[in-house]
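Fold and geometry: a report
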Amino acid sequence: FTALVALSFSGAIGLTFLLLGCALEDYGVYWPLFVLIFHAISPIPYFIAKRVTYDSDATSSACRELAYFFTTGIVVSAFGFPVILARVAVIKWGACGLVLAGNAVIFLTIQGFFLVFGREDDFSWERW
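Residues numbered from 1 in each chain as written. Predicted model: local features only at pLDDT ≥ 70, side-chain atom pairs only at ≥ 80, totals over all residues. Heavy atoms only, no water.

Take the overall build of the chain next. Within the chain, the regular secondary structure consists of 5 helices and 0 strands. Here the chain, with 128 residues, has 30% of them falling under the buried criterion. Counting only contacts in the chain whose residues sit at least 6 apart along the sequence, the fraction spanning at least 24 positions is 62%. Per element, the accessible surface of the chain, about 8,300 Å² overall, is 69% carbon and sulfur. (Helix = DSSP H or I, 4+ residues; strand = E, 2+ residues; numbered from the N terminus. Buried < 20%, exposed > 50% of the residue type's maximum accessible area, 1.4 Å probe, protein only. Contact = heavy atoms within 4.5 Å. Areas by Shrake-Rupley, 256 points an atom, 1.4 Å probe, with all protein chains shown as cover.)

Structure (structure tokens):
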């Protein structure tokens, strides 16, 4: 129960950073909210690979490695998107910093979720 509360709190902190990068009066541009798409799709390759290689006893498989590769690409894109927006002067660099801080916290929260709740082989949503 404590882990779930801590993960919820850290997710809220990350979203607060992201929203501050968009909604503060000095910034006022909501383009950085598109990184939420990256946050939503980042665990999908892992879920697919875990489902496909569920019966495999191997410690590593090509499917799982490909899922890690796609997940890494998604995470790097989420960090690169606000930098590109700041570089072309769509958003200010302060907003970029807040969005990058929010990205770091949110992706660490997602990783923490998988470390805490994904330990068993029979992963189910009913655990919490």
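This part covers the packing of aromatic side chains. What the rule picks out here adds up to 8 aromatic pairs. Between phenylalanine 69 and phenylalanine 70, the ring centres sit 6.0 Å apart and the planes meet at 50°, which makes this aromatic pair tilted. Judged by its relative accessible area of 44%, phenylalanine 70 is partly exposed. Judged by centre distance (5.6 Å) and plane angle (80°), the rings of phenylalanine 113 and phenylalanine 114 are edge-to-face. Of the two residues, phenylalanine 113 and phenylalanine 114, neither departs from the other in class, the shared state being buried. (Phe/Tyr/Trp six-rings, centres within 6.5 Å; stacked < 30°, edge-to-face > 60°.)

A few words now on the nonpolar core. If you look at the biggest cluster of nonpolar residues, it comprises 8 residues: Leu7, Ala78, Ile106, Phe107, Ile110, Phe113, Phe114 and Phe117. The element that contributes the greatest number of residues to this core is helix α5 (residues 93–117), accounting for 6 residues. Core analysis: the next-biggest nonpolar cluster, separate from the first, contains 5 residues, Leu85, Ile91, Ala95 and Cys96 among them. (Core = buried A, V, L, I, M, F, W, Y, C linked by side-chain atoms within 4.5 Å.)

Right, let's talk about the environment of phenylalanine 38 for a bit. Within the fold, phenylalanine 38 resides in helix α2 (residues 35–41). Not counting the four nearest positions on each side in its chain, phenylalanine 38 is found in contact with Ile74, Ser77, Ala78, Phe81 and Phe107.

Okay, the confidence of the model for the chain next. For the chain, mean pLDDT is 88; residues scoring 70 or higher make up 87% of the total. Taking the mean pLDDT of every element in the chain, the minimum, 87, falls on helix α3 (residues 44–52) and the maximum, 95, on α2. (pLDDT = per-residue confidence, 0-100.)

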